[in-house]
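Chain by chain, the residues run as shown.
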Amino acid sequence: MNLPRAPLLSHQVNTKDAKYWSSIIKFHAKHKNDRGILKSFTEMESSGVMPDPSTLPLVIKACARLQAVEQGKKIHSSIQNTSLIRDLRIRTSLVDFYCKCGFVGDASDLFEKMGEKDIVSWNAMICGYVENSMYEDAIALSFQMKKENLKLNSITMVGLLSACSELTEYELGQEIHCYCLRNGYFDSNPHVGTSLIGFYARFNTKISRFVFDLMVVKSVVSWNAMISCYHNAGEFSEAVNLFVQMLVAGITPCSVTMLLSIQSCASLECPQLGQQVHQVTFKYGYCSDIYVENALINMYGKTGKIESSDNVFEKMQIRDVASWNAMIFAYKFGGYYDKALNLLTRMQDKKIKADVVTFATALQVCGECSSVEKAKAIHACIIKHGLELNDSIQNALLSSYANLNCLELARRVFSQTVKLDVVSWNTFISALVQNQLAAEAWQLYHLMRGYSIRPNSFTMVSLLAGCIGESFLNIGRSIHGFVIRHGLDMNSSLCTALTEMYINCGDETTGRFLFENFPDRDLVSWNSIIASYIQNGQPSKALSLFHEMQSKMRPNFATLVNILSACASLANLLLGRTLHGYTMRRELALEQDITLENALIVMYSKCGSLQNGERIFQNLQKRDIITWNSMIAGYGMHGRVKDALNTFSQMQSAGIRPTGVTFVSVLSACSHSGMVETGWKIFHSMSQDYGLDPEVVHYASMVDLLARAGQLGEAKNFIDSMPVEPDPCAWRALLGACRVYSNIELAETASQKLLELEPMSIGNYVLISNMYAAVGKWDEVERLRLEIKEKGLQKAPGLSWLIVKDEVHPFMAGDVSHPEAEKIYRKLNFLTSEMIESGYVPDLSWPLFDLEDWK
């Protein structure tokens, strides 16, 4: 920055006296050139000229602003035994200097030794306490000041309001407010009103707005304070509305105003509004402000306008590391993982020194795009930059490797972490739970307690995630007890985790009680319990909860994805279409979320309306791997095998790498159409073309493919040659085919293996019993029935349902519980008669009971 040069004085040719240096220093002070002040003062000292009382305070203030501690202390020492130390302005400047540089003790000592003190001196010490977070001392000093019969002025009020805000001293803040009104400070000093806005913002934004509206004189700082108040309270629409009112009122915004407005647009996820604010930055000349540009990059990234983010970034004349970080984050947020990592490479090529935020964001990218190799490469860069011992970096590495399921690498980072904080322990515990190592997670938790690390609510959330199934109910209850005994923060996340645990462990009553009685239920809480019902096979309860939720808050994309899943499970096409229409009408849904689009494809496929699913798929500009998998699975589900295989080929041509889920869907489609040769080719391509090791589910799919095609011997040989232990699905597929092809010998082998793997599964006994019944082995059927009875197993009855006006009507065989059961059975008997008269003959080739027993 080019600063104005000091003027030449008429007497400077002959001599440079105190008057000359005083003029130079005051000139620099007028132009806020602190470095010029200190440089001139140094030259003044070198020439042997002593500063005067009007100049020295300017020099000391410059030392404070530049944090020139040594120079400030040297000045204090040099005047200690001179008359200058007795000057009130100089002593006050020294008090302010020591406070601003963090030496509050030195400032306090100096203040106490001052014989004469004026209002400026007291304010310097009070504000110094506030700046150094010593709020109680600031308030105590103000009371002492009042005892000295000194009238507190507007500067004192601003300092005290800051202290009250931090200490949440609401009543004292109100008293200060009254004092300001009585003494006319509120009407005459906009900075007092601004401080009151900030104070009340800690308690109630409505009161802050009331104060704002009452202000006679408002500065741009006052407007910024109110906009900031709305933004920090999450009332982003109000923040933007106030910004518009500010412009209408003819108030020229500053760069801070633009920053707050852009950030509010980002939080609203409204790119159109953000673009309009962007235009305002051009109008007022802030388009080249680096902080504004960084905020624009972030805003466009969060609203899905990656091209706009990229456009702002590329046009920047000056970029700092925050600019690069903002662009990397924008690419990450939009799912452009390759571009994010390429930008990191470009950053390194330009010799821009990456910081902790850069590497932490890049590691998150690796975790999200499942790239272990790139995570390792970034780890190497971190070591090269000497940041491997940074606490935040170590936690980011730990989290990245945990998300990538690289437990051994995560263990290594964890063991090498110098300072294990609660975040480190929580991250690794969560990683173990995610990898189904709940027992090891518990061991780590006890080790954490042994190191005297106090667990927090996030620790409990991680442990609760591993409590799934009735066998974990007591463990979950013990965690709940620990939370209560140790007074852990029962925040929304922890309450949600406890609710999920109880529902997942079969204690729905307690789970619902916790949910219903938690006062701060947010959208995440509702979404979580809805998802829990769906995961536990209770979609009808999920729908009921969704209808209850609608009267309390507006659903988001996560809600809709969950409910679409419930619609798919219940084949509720009507509600699914309604939700689709709702997403199209949503005011802020200017760009559809890809996850929601995927859920719509799945819903339409499972509800029998594949044509609608196809239409969504074909109109998508961006497709991820889940989109392709959903469409392939939909085609397979409807028997359109050729379309499934064509879509698989299109996916490969588009450069999308198939996953294990993709191959399950394709193999399933081949299985249902008897395309054995094609299935073999696809199965082999997993390892040969994509380096994917087949998992047990893929082997089971191949068994199903061979068995359905009648190649029972090949299916059995395939099972025997599997490099992994066959799971029940493989044997169940073989047993089902044995029943179809009446191969009782192979069926007995399969049934024996199946019962060994799942001895308590009633479904397996029913399947085997039906197979024996099909070949007339009624003694074996009876033996299995006795075995079922001895083990106390019970078969869940088959369930059908209808959905009428958002109400689910379930039906079981022989069920007469429905209020209109008589009408239903009358209609059913009528339909049965009509079928028989039309020539229907029941198929008795699969009798499940010995009919002789029923004569």
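Residues numbered from 1 in each chain as written. Predicted model: local features only at pLDDT ≥ 70, side-chain atom pairs only at ≥ 80, totals over all residues. Heavy atoms only, no water.

So, the overall build of the chain
Point 1. Looking only at helices and strands, the chain has 48 helices and two strands in total.
Point 2. The C-alpha atoms of the chain give a radius of gyration of 37 Å, which is well past the 29 Å a tight globule of 855 residues would have.
Point 3. Each principal axis of the C-alpha atoms in the chain carries an extent, and together these give about 130 × 60 × 55 Å.
Point 4. Of all 855 residues assigned to the chain, the portion counted as buried reaches 45%.
Point 5. Of the contacts formed within the chain by residues at least 6 apart in sequence, a portion of 58% connects residues at least 24 apart.
Point 6. Side-chain charges in the chain split into 79 positive and 87 negative, and the spacing between the mean points of these groups amounts to 8 Å. (Helix = DSSP H or I, 4+ residues; strand = E, 2+ residues; numbered from the N terminus. Rg over C-alpha atoms; globule rule 2.2 N^0.38 Å. Buried < 20%, exposed > 50% of the residue type's maximum accessible area, 1.4 Å probe, protein only. Contact = heavy atoms within 4.5 Å. Lys, Arg positive; Asp, Glu negative; His and termini not counted. Charge placed at Lys NZ, Arg CZ, Asp CG, Glu CD.)

So, the side chain of Ser195
Point 1. Note that Ser195 resides in helix H12 (residues 190–201).
Point 2. What Ser195 contacts, discounting residues up to four positions off in sequence, is Val158 and Leu161.

Quick notes on unusual backbone geometry
Point 1. Despite not being glycine, Glu269 shows a phi value in the positive range, around 55°.
Point 2. In this fold, Glu269 is placed in the loop between helix H16 (255–268) and helix H17 (271–283).
Point 3. Classification of Glu269 as partly exposed rests on a relative accessible area of 49%.
Point 4. In this structure, Gln436 takes a positive phi of about 55° despite not being glycine.

Quick look at the state of the cysteines
Point 1. Considering all chains together, one arrives at zero disulfides under this definition.
Point 2. This cysteine, Cys63, is not joined by any disulfide, and Cys101 carries the nearest cysteine sulfur, 8.0 Å off.
Point 3. The buried category is assigned to Cys63, whose relative accessible area is 0%.
Point 4. Of the cysteine sulfurs around Cys270, a residue in no disulfide, the closest is that of Cys265, at 6.9 Å.
Point 5. What makes Cys270 buried here is its relative accessible area of 12%. (Disulfide = S-S within 2.5 Å.)

Some details on the pattern of salt bridges
A side chain with one charge can pair with a side chain of the opposite charge if their charged atoms come near.
Point 1. A complete count under the given rule lists 24 salt bridges for this structure.
Point 2. Each of Asp96, Lys100 and Glu131 takes part in a single network of salt bridges with overlapping partners. (Salt bridge = Lys/Arg side-chain N within 4 Å of Asp/Glu carboxyl O.)

Focus on the packing of helix H32 (residues 523–535) against helix H33 (residues 539–550)
Point 1. Contact geometry of H32 with H33 gives a least axis separation of 7 Å together with a crossing angle of 160°. The orientation of H32 with respect to H33, classified from their angle, is roughly antiparallel. The hand of the H32/H33 crossing is left-handed. Here Leu523, Trp526, Asn527, Ile529, Ile530, Tyr533 and Ile534 of H32 lie close against H33, whose contacting residues are Pro539, Lys541, Ala542, Leu545, Phe546, Glu548 and Met549.
Point 2. Looking at the contact of H32 with H33 residue by residue, the class counts come to eleven nonpolar, one polar and two charged. (Axes fitted to C-alpha atoms, helices over the stretch in contact; angles between N-to-C directions. Parallel < 35°, antiparallel > 145°, perpendicular 65-115°, else oblique. Left-handed = near helix turned anticlockwise from the far one by under 90°. Nonpolar A, V, L, I, M, F, W, Y, C, P; charged D, E, K, R; others polar.)

Focus on the UniProt feature "repeat: PPR" (unreviewed entry) in the chain
Point 1. UniProt's feature table lists "repeat: PPR" (unreviewed entry) at residues 118–152, 219–253, 320–354, 421–455, 522–552 and 624–658, given in the numbering used throughout.
Point 2. The distance from the first to the last C-alpha atom of residues 219–253 is 10 Å, and the span holds 74% helix and 0% strand.
Point 3. Here residues 421–455 is 74% helix and 0% strand, with 10 Å between the C-alpha atoms at its ends. (UniProt positions renumbered as here; feature names shortened; annotations may be inferred.)

Digging into the packing of aromatic side chains
Point 1. Tallied over the full model, the rule gives 26 aromatic pairs.
Point 2. Residues Phe329 and Phe333 carry aromatic rings whose centres are separated by 5.9 Å and whose planes lie at 35° to one another, so their mutual orientation is tilted. Of this pair, Phe329 and Phe333 both sit in helix H20 (residues 321–333), four residues apart, which is roughly one turn of that helix.
Point 3. Taking the relative accessible area as the measure of exposure, Phe333 reaches 42% and is therefore partly exposed.
Point 4. Arranged with centres 4.9 Å apart and planes meeting at 85°, the rings of Phe515 and Trp526 form a pair that is edge-to-face. (Phe/Tyr/Trp six-rings, centres within 6.5 Å; stacked < 30°, edge-to-face > 60°.)

What to know about the environment of Lys30
Point 1. Within the secondary structure layout, Lys30 lies in helix H1 (residues 18–30).
Point 2. Looking at Lys30, the relative accessible area reads 69%, which means it is exposed.

A look at the packing of helix H2 (residues 34–46) against helix H3 (residues 56–65)
Point 1. With their axes 9 Å apart at the nearest point, H2 and H3 run at an angle of 125° to one another. In terms of axis orientation, H2 runs oblique to H3. By crossing handedness, the relation of H2 to H3 is classed as left-handed. Contact with H2, carried on its side by Asp34, Ile37, Leu38 and Phe41, involves Leu56, Leu58, Val59, Ala62, Cys63 and Arg65 of H3 and no other residues of that element.

Some words on a negative patch on the surface
Point 1. On the surface, a cluster of negative charge is contributed by Glu136, Asp137, Glu169, Glu171 and Glu175.
Point 2. Of all the secondary-structure elements, those providing two or more residues to the negative patch are helix H8 (135–147) and helix H10 (170–182).
Point 3. By the secondary structure assignment, Glu171 is in helix H10. (Patch = residues over 30% accessible without salt bridge, like charges linked within 9 Å, V, L, I, M, F, W, Y side chains within 5 Å. Areas by Shrake-Rupley, 256 points an atom, 1.4 Å probe, with all protein chains shown as cover.)

Remarks on helix H30 (residues 492–504)
Point 1. End to end, H30 covers 18 Å across 13 residues, agreeing with the expected 18 Å (1.5 Å per residue, within 8%).
Point 2. Within H30, the full set of buried residues consists of Ser492, Leu494, Cys495, Thr496, Ala497, Leu498, Thr499, Met501, Tyr502, Ile503 and Asn504.
Point 3. Residues of H30 that are buried in the fold lie against helix H28 (457–464), helix H29 (473–485), helix H31 (508–517) and H32.
Point 4. Looking at where H30 begins, the residue whose side-chain oxygen comes 3.2 Å from the main-chain nitrogen of Ser493 is Asn491.
Point 5. Phi turns positive one or two residues past the end of H30, at Gly506, with a value near 95°. (Expected span 1.5 Å × (residues − 1). Polar contact = N/O pair within 3.5 Å; in protein donor to acceptor, adjacent residues only side chain to side chain.)

Points about a nonpolar patch on the surface
Point 1. On the surface, Met835, Ile836 and Tyr840 cluster together to form a nonpolar patch covering roughly 310 Å² of accessible area.
Point 2. Within the element layout of this structure, Met835 appears in helix H48 (residues 821–837).
Point 3. Residue Met835 is classed as partly exposed on the basis of its relative accessible area of 40%.

Some thoughts on the nonpolar core
Point 1. Among the nonpolar cores identified, the biggest contains 161 residues, and Leu56, Val95, Met125, Ile378, Phe428 and Met460 are the most heavily contacted of them.
Point 2. Of all hydrophobic cores here, the second largest spans 85 residues; its members include Phe546, Tyr699, Ala700 and Leu746. (Core = buried A, V, L, I, M, F, W, Y, C linked by side-chain atoms within 4.5 Å.)

Examining H2
Point 1. Taking 1.5 Å as the rise per residue, H2 with 13 residues should run 18 Å; its terminal C-alpha atoms sit 19 Å apart, in good agreement.
Point 2. Where H2 is buried, its residues touch H1, H3 and helix H4 (69–78).
Point 3. Just downstream of H2, Gly48 is the residue with a positive phi angle, here 80°.

A closer look at the environment of Met448
Point 1. By secondary structure assignment, the location of Met448 is in helix H27 (residues 438–450).
Point 2. By relative accessible area, Met448 is classed as buried at 0%.
Point 3. Expressed as a C-alpha distance, the spacing of Met448 and Ser77, which sit 371 residues apart in the sequence, is 51 Å.
Point 4. Here Met448 is in contact with Val422, Trp425, Asn426, Ile429, Ile453, Arg454, Pro455 and Thr459, once residues within four sequence places are set aside.

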